[in-house]
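# Inside the fold
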Amino acid sequence: MDETLAELFAVIEDRKERLPEDSYTASLFTHEKGENEVLEKLGEETTELVLAAKDDDREEIAHESADIVYHLLVLLAMKDMELSDLEAELEARR
Ligand SMILES: N=c1c2ncn([C@@H]3O[C@H](COP(=O)(O)OP(=O)(O)OP(=O)(O)O)[C@@H](O)[C@H]3O)c2ncn1[C@@H]1O[C@H](COP(=O)(O)O)[C@@H](O)[C@H]1O
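The present account deals with the structure reproduced in this document. (Residues numbered from 1 in each chain as written. Predicted model: local features only at pLDDT ≥ 70, side-chain atom pairs only at ≥ 80, totals over all residues.)

### Let's talk about the packing of helix α1 (residues 2-18) against helix α4 (residues 58-78)
Put simply, the rule is: To obtain each axis, a line is fitted to C-alpha atoms, and for helices this fit is confined to the stretch in contact; angles are then taken between N-to-C directions over 0 to 180 degrees. Each helix is a run of DSSP H or I of at least 4 residues and each strand a run of E of at least 2, with the numbering of both proceeding from the N terminus. With respect to orientation, any angle under 35 degrees is reported as roughly parallel, any angle over 145 as roughly antiparallel, any angle of 65 to 115 as roughly perpendicular, and every other angle as oblique. Crossing handedness: left-handed means the near helix sits turned counterclockwise from the far one by under a right angle, and right-handed means the same turn made clockwise. A pair of residues counts as a contact when their C-beta atoms, built from backbone coordinates, are within 7 Å of each other.
Between α1 and α4, whose axes approach to 10 Å, the crossing angle comes to 50 degrees. Between α1 and α4, the crossing angle belongs to the class labelled oblique. Along this stretch, α1 crosses α4, giving a crossing that reads as right-handed. Between α1, through Leu8, Phe9, Ile12, Glu13 and Lys16, and α4, the contact on the second element is made entirely by Tyr70, Leu73, Val74 and Ala77.

### What to know about the nonpolar core
The following threshold applies: We call a set of buried Ala, Val, Leu, Ile, Met, Phe, Trp, Tyr and Cys residues a nonpolar core when their C-beta atoms link them within 7 Å. Exposure classes come from backbone-placed C-beta atoms, where a residue is buried if 20 or more other C-beta atoms lie within 10 Å of its own, exposed if 12 or fewer do, and partly exposed in between.
If you look at the biggest cluster of nonpolar residues, it comprises six residues: Phe9, Ile12, Leu28, Leu73, Val74 and Ala77. Elements represented by at least two residues in this core include exactly α1 and α4.

### Section: the environment of Ala52
Along the chain, Ala52 falls in helix α3 (residues 34-54). Overall, Ala52 belongs to the partly exposed group, with 19 C-beta atoms counted inside 10 Å. Linking Ala52 and Ser84, residues 32 residues apart in sequence, is a C-alpha distance of 30 Å. Excluding anything up to four places from it in sequence, Ala52 contacts Asp57, Glu60, Ile61 and Glu64.

### Describing α1
What counts is decided by this rule: Each helix should span, by expectation, one fewer than its residue count multiplied by 1.5 Å. The arc in question is the one traced by the directions running from the helix axis out to the C-beta atoms.
Between the first and last C-alpha of α1 there are 24 Å, a value that for 17 residues agrees with the 24 Å anticipated at 1.5 Å per step. Among the residues making up α1, those that are buried are Phe9, Ile12 and Arg15. Relative to the axis of α1, the buried residues are bounded by an arc of 115 degrees and lie together on one face. Within α1, the exposed residues directed more than 90 degrees away from the buried face are Asp2, Glu3, Glu7, Ala10, Glu17 and Arg18. As for α1, its buried residues are in contact with α2 (24-30), α4 and α5 (83-92). In the segment just after α1, Leu19 is the residue with positive phi, at about 50 degrees.

Structure (structure tokens):
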């Protein structure tokens, strides 16, 4: 899991730096309202996750959780943060 997150974060940082035209991730960094879109997605997906949990829909729980993790990592990159900032916070709580 750690490796998957690290690889996904590296891809997001690559899109942020290179801004390829055909990339949804890159579009979030270039559009004026990209940050708003990320925040809205996080809100929507969290609601969808709550509904999926209420329904005991494990497939949907995994789907929405992945959407949230992706948009969360994009948000960290937008704020010039590193995955290690999240890891340090989690580590401090152990
Ligand atoms: N993990 C993701 C990822 N998760 C979600 N999304 C996109 O986020 C957008 C909005 O997600 P939504 O959940 O709202 O879309 P949806 O699936 O239609 O909606 P629901 O079914 O969830 O209601 C969609 O265009 C999804 O494709 C993602 N786009 C990219 N990635 C990763 O980012 C990498 C780089 O992708 P590019 O953006 O193409 O460069 C990819 O290889 C993936 O690993």
